[in-house]
Amino acid sequence: MNKVYENAEKAIFDIKDNITIMLGGFGLCGIPENLIEALVKRGNTGLTCISNNAGVDDFGIGLLLQTRQVKKMISSYVGENSEFERQLLNNELEVELIPQGTLAERCRAAGAGIPGFYTPSGVGTEVAKGKEVRVFNDKEYLLELAFQSDFAFVKAWKGDKMGNLIYRGTARNFNPMMAAAGKITIVEVEHLLENGELDPNQIHTPSIYVDRIFQGENYEKRIEKITTQ
């Protein structure tokens, strides 16, 4: 089975409106830049985006928010995006804010085939509204459900043509879990290598989880907030 695509545009040929997409990355580190740009050009609307953060105004998921392609954001941190704030305050965007650990575990659970789990995070807060609460060992826990996503957009440092992946630094925080969780996982890599060139002991995501892969280009690798003093 050939998983290699020429570019992002060709890799997302079957994306439709009103679907759910996981987007990897941590802040602006390890985000699927090429895939996001291709999705902006494609113009699909009504999207539900699952991501740790919402990008910034002119980069990352912020580009999709600018073009009003996102119907709902499921995130844990959104503090650097003024367009996100504007749409939220004007009831133009559905938002589900989730503790970061819960977001990560809902991704991991989906990849592991676990339908749900109990966590103490969020008990007694807005996060708990409408959710089942159970007591274990005299402590309250919320039932959280695994995510259901149509696609996962993932960025890796290196990958081979079978789809084995290696990440760098904090790009490893959400990308591996989302790669395992998407019904269809599309991966962009900085370096696309021949099969057998990666050390098997260094693989973070095995090829079984990857459906499509291509070598990305023109990575900006922005810093979300630059501190000079």
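Below: a short report on this structure. (Residues numbered from 1 in each chain as written. Predicted model: local features only at pLDDT ≥ 70, side-chain atom pairs only at ≥ 80, totals over all residues. Heavy atoms only, no water.)

On to the environment of Gly159. Position of Gly159 relative to the elements: it lies in strand E8 (residues 151-160). Expressed as a C-alpha distance, the spacing of Gly159 and Leu193, which sit 34 residues apart in the sequence, is 6.1 Å. The residues contacting Gly159, other than those within four sequence positions of it, are Asn164, Leu165, Val189, His191, Leu192, Leu193, Leu198 and Ile213. (Helix = DSSP H or I, 4+ residues; strand = E, 2+ residues; numbered from the N terminus. Contact = heavy atoms within 4.5 Å.)

The pairing of strands in a sheet comes from backbone hydrogen bonds and takes either a parallel or an antiparallel form. On the basis of which strands lie adjacent, the open sheet formed by three strands has the order E5-E7-E6 and antiparallel pairing. Of all strands in the sheet, those bounded by a partner on one side alone are strand E5 (116-119) and strand E6 (133-136). Direction aside, the axes of adjacent strands within the sheet are offset by 40 degrees on average. By the bridge criterion, four bridges tie E6 to strand E7 (residues 139-145) in an arrangement that is antiparallel. From the neighbouring strand, Val133 faces E7, where its bridge partner is Leu142. The sheet contacts of helix H5 (residues 100-112) involve E5 and E7, and relative to E5 the element is tilted by about 155 degrees. (Pairing = 2+ DSSP bridges. Axes fitted to C-alpha atoms, helices over the stretch in contact; angles between N-to-C directions.)

Every α-helix carries 3.6 residues per turn, so stepping three or four residues along brings you back to the same face. What helix H2 (residues 33-42) keeps buried is the set Glu33, Asn34, Leu35, Ile36, Ala38 and Leu39. After H2 finishes, the residue Gly43 shows a positive phi value of roughly 85 degrees. (Buried < 20%, exposed > 50% of the residue type's maximum accessible area, 1.4 Å probe, protein only.)

Ranked by internal contacts, the top residues of the largest apolar core, which has 26 residues, are Ile12, Ile21, Leu39, Leu65, Met73, Phe153 and Ile186. Breaking this core down by element, the ones donating at least two residues are helix H1 (8-11), strand E1 (20-23), H2, strand E2 (47-50), helix H3 (61-66), strand E3 (70-75) and E8. Looking at which element gives the most residues to this core, the answer is H2, with four residues. Those residues within four positions of Leu39 in sequence are excluded, and the remaining contacts are Ile12, Ile15, Ile21, Asn44, Leu47, Leu64, Gln69 and Phe153. One finds Ile50, Cys107, Ala152 and Ala156 within the second-largest nonpolar core, a separate group that totals 23 residues. (Core = buried A, V, L, I, M, F, W, Y, C linked by side-chain atoms within 4.5 Å.)

Taking 1.5 Å per residue as the helical rise, H5 with its 13 residues ought to reach 18 Å, and the 18 Å between its terminal C-alpha atoms agrees with that figure. Residues of H5 that are buried: Thr102, Leu103, Ala104, Arg106, Cys107 and Ala109. Looking at the residues trailing H5, positive phi occurs at Gly113, about 75 degrees. (Expected span 1.5 Å × (residues − 1).)

Both faces of E2 are covered, namely the face carrying Leu47 and Cys49 and the face carrying Thr48 and Ile50. Two elements, E1 and E2, share three bridges in a ladder whose sense is parallel. Within E2, the position partnered with Ile21 by the bridge is Cys49. Once the chain exits E1 it traverses H2 before rejoining the sheet at E2, and the crossover so formed is right-handed. Sheet analysis places E2 next to E3, joined by four bridges and oriented parallel. Bridge assignment links Thr48 to a residue of E3, and that residue is Lys72. With H3 bridging E2 and the parallel E3, this β-α-β connection has right-handed handedness. (Right-handed = clockwise from strand over helix to strand, strands pointing away.)

A few words on the side chain of Glu83. As for its placement among the helices and strands, Glu83 is situated in helix H4 (residues 82-89). Among the residues examined, Glu83 registers a relative accessible area of 17% and is labelled buried. One polar contact links Glu83 to Arg86, side chain to side chain, over a distance of 3.0 Å. Non-local contacts of Glu83, meaning those with residues more than four positions away in its chain, are made with Asp57, Leu65, Gln66 and Arg68. (Polar contact = N/O pair within 3.5 Å; in protein donor to acceptor, adjacent residues only side chain to side chain.)

On any regular strand, side chains alternate: one points to one face of the sheet, the next to the other face. With four bridges joining them, E3 and strand E4 (residues 94-97) adopt parallel strand pairing. Paired with Lys72 across the two strands is Glu94, which belongs to E4. Note on the crossover from E3 through H4 to E4: the handedness is right-handed.

Both trends apply: most residues other than glycine have a negative phi, and most peptide bonds are in trans. A positive phi is found at Asn91, a non-glycine position, where the angle reads about 55 degrees. Inspection of the secondary structure assignment puts Asn91 in the loop between H4 and E4. Look at Asn91 and you get exposed, because its relative accessible area is 72%. A positive phi angle is found at Asp138, which is not glycine, with a value near 65 degrees. Relative to the assigned elements, Asp138 resides in the loop between E6 and E7.

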